[in-house]
Amino acid sequence: MNESDSMQNWADMRMFLAIVDAGSLVAASEKVGLSQPTLGRRLAAMEKRLDVSLFVRTGRRMQLTDAGQAIVENARRMQREMLAIERSVDTQSHGLSGEVRITATEGTGTEWLAPELVDFHLRYPDILLNIQVETRALDLLHREADIALRLGRPTQPDLIARHLVQVGFGLYAAESYVARNGVPQTMEQLADHRLVGIDLDGKLSMAPGESGLAEDPQQFAFVSNSPSAQVSAARAGFGIAVLSHRWASMYPELKPVLPDLAMVEVDMWLVTHEELRHSARIRAVSDFLVERVVANRDRFKRGSADSQNGLAAG
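About the thresholds
- Residues numbered from 1 in each chain as written.
- Predicted model: local features only at pLDDT ≥ 70, side-chain atom pairs only at ≥ 80, totals over all residues.
- Heavy atoms only, no water.
- Helix = DSSP H or I, 4+ residues; strand = E, 2+ residues; numbered from the N terminus.
- Buried < 20%, exposed > 50% of the residue type's maximum accessible area, 1.4 Å probe, protein only.
- Contact = heavy atoms within 4.5 Å.
- Areas by Shrake-Rupley, 256 points an atom, 1.4 Å probe, with all protein chains shown as cover.
- Axes fitted to C-alpha atoms, helices over the stretch in contact; angles between N-to-C directions.
- Parallel < 35°, antiparallel > 145°, perpendicular 65-115°, else oblique.
- Left-handed = near helix turned anticlockwise from the far one by under 90°.
- Nonpolar A, V, L, I, M, F, W, Y, C, P; charged D, E, K, R; others polar.
- Pairing = 2+ DSSP bridges.
- Phe/Tyr/Trp six-rings, centres within 6.5 Å; stacked < 30°, edge-to-face > 60°.
- pLDDT = per-residue confidence, 0-100.
- Expected span 1.5 Å × (residues − 1).

Once that is clear, we can look at the overall build of the protein chain. Of the regular secondary structure elements, the protein chain holds 12 helices and 12 strands. When each of the 314 residues of the protein chain is scored for burial, the buried share is 45%. Considering only residue pairs separated by 6 or more positions, the protein chain has 74% of its internal contacts joining residues 24 or more positions apart. Accessible area for the protein chain stands at about 16,200 Å²; split by element, carbon and sulfur atoms hold 49% of it.

Encoded structure:
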């Protein structure tokens, strides 16, 4: 088998596994960066070349045939070998050029990270920074990203995780909301106010995890599965929200409510694959991120001094 055939086989297996994992051509096309018609044509060509049907199409879902099921493990093995080759090549890369994919959550990825990385770009203009803002944790082992800024310690093996800072959260409201509704002075009074929440798989809450607040679903004036939308709603004056101090401190119209209330703190970690720490460009990005996050340690933990002054009683 020549090199061209090997690469074609790997491209076919990568496409095949994307469909297996995604369960549909639509979802798989987004994952591999191809249009749905193109992906469908490539699958048809692969099935013709192998002279078997790999999937049964049931509506939009793609179900494996017996023939398809029979090659899944071999495809997974090929995937592991190709990813190992890619990582090996990266570890030998000493040049400060090429792409580095960073994954981060909303807020960190959308509001904080891009401005911080301008200095890095000026220092290393040949490194392309690709920021992936995702609510799910991208798979670093399968090279969905090179570096992750994650809230919570990762548990996957073969990953290098470095603790950076504690991200603090608190209750915030816009001055426009307080002008209409006043400021709660106790936890009991919070029950008389409207809330801005997060919708996690149909469960309404003020914040992910255990916030220590017992919310009545009737209190919510606005909910979203997007933390960015949650912040926008709080700024617009819908109600009181649980926000990270660092994010809330960016908007002067947001002020702490019950600032002495002990709220959740979440650890932020910088994560990469252990083999990629020897890549010059990935190491350069990692070192820069560590430097900037640690330099902003107090803001991540407590926000700005001005943002902690609180709101006067209305």
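Past the structure itself, the notes keep going.
Glancing now at the packing of helix α5 (residues 108–116) against helix α11 (residues 280–295). At their nearest, the axes of α5 and α11 sit 11 Å apart, and the two run at 115 degrees to each other. Here α11 runs roughly perpendicular to α5, going by the angle between their axes. For the element pair α5 and α11, the recorded crossing hand is right-handed. Between α5 and α11, the contacting residues are Trp112, Leu113 and Glu116 on the first element and Phe288, Leu289, Arg292 and Val293 on the second. Of the residues assigned to the contact of α5 with α11, the class counts are five nonpolar, no polar and two charged.

To continue, consider the pairing of strand β1 (residues 55–58). With four bridges joining them, β1 and strand β2 (residues 61–64) adopt antiparallel strand pairing. Following the sheet pairing, Val56 is matched in β2 by Gln63. Between the end of β1 and the start of β2, which pair antiparallel, lie two residues, with Gly59 showing a positive phi angle near 70 degrees.

The geometry of an aromatic ring pair is captured by two quantities: the separation of the ring centres and the angle between the planes. A full pass over the atoms with the stated rule returns five aromatic pairs. An angle of 65 degrees between the planes, with centres 5.3 Å apart, marks the rings of Phe120 and Phe288 as edge-to-face. Of this pair, Phe120 sits in helix α6 (residues 118–123) while Phe288 is found in helix α11, placing the two residues 168 residues apart along the sequence. Like Phe288, Phe120 is buried. Considering the side-chain rings of Phe222 and Phe238, the 5.0 Å spacing of their centres and the 50 degrees angle between planes classify their relative orientation as tilted. Pair noted here: Phe222 is in strand β9 (residues 220–224) and Phe238 is in the loop between α9 (227–236) and β10 (240–244), with a separation of 16 residues, a long-range link. Taken together, the aromatic side chains of Phe120, Tyr124 and Phe288 make up a single cluster linked through ring pairs.

Here we take up the packing of helix α2 (residues 25–32) against helix α3 (residues 36–50). It is at 9 Å that the axes of α2 and α3 come closest, and there the two elements cross at 100 degrees. Between α2 and α3, the crossing angle belongs to the class labelled roughly perpendicular. Here Leu25, Val26, Ala28, Ser29 and Val32 of α2 lie close against α3, whose contacting residues are Gln36, Leu39, Gly40 and Leu43.

Let us now look at the confidence of the model for the protein chain. When pLDDT is low, close inspection of the predicted coordinates is not appropriate. Overall, the predicted model of the protein chain reaches an average pLDDT of 82, with 84% of residues at or above 70. Per-element confidence in the protein chain ranges from a low mean pLDDT of 74 for helix α1 (residues 3–22) to a high of 95 for helix α7 (residues 175–181).

Turning next to α11. For α11, which comprises 16 residues, the first-to-last C-alpha distance of 22 Å matches the rise-based estimate of 22 Å (1.5 Å per residue) to within 8%. Looking only at α11, the buried set comprises Ala280, Arg281, Ile282, Ala284, Val285, Ser286, Phe288, Leu289, Val290, Arg292 and Val293.

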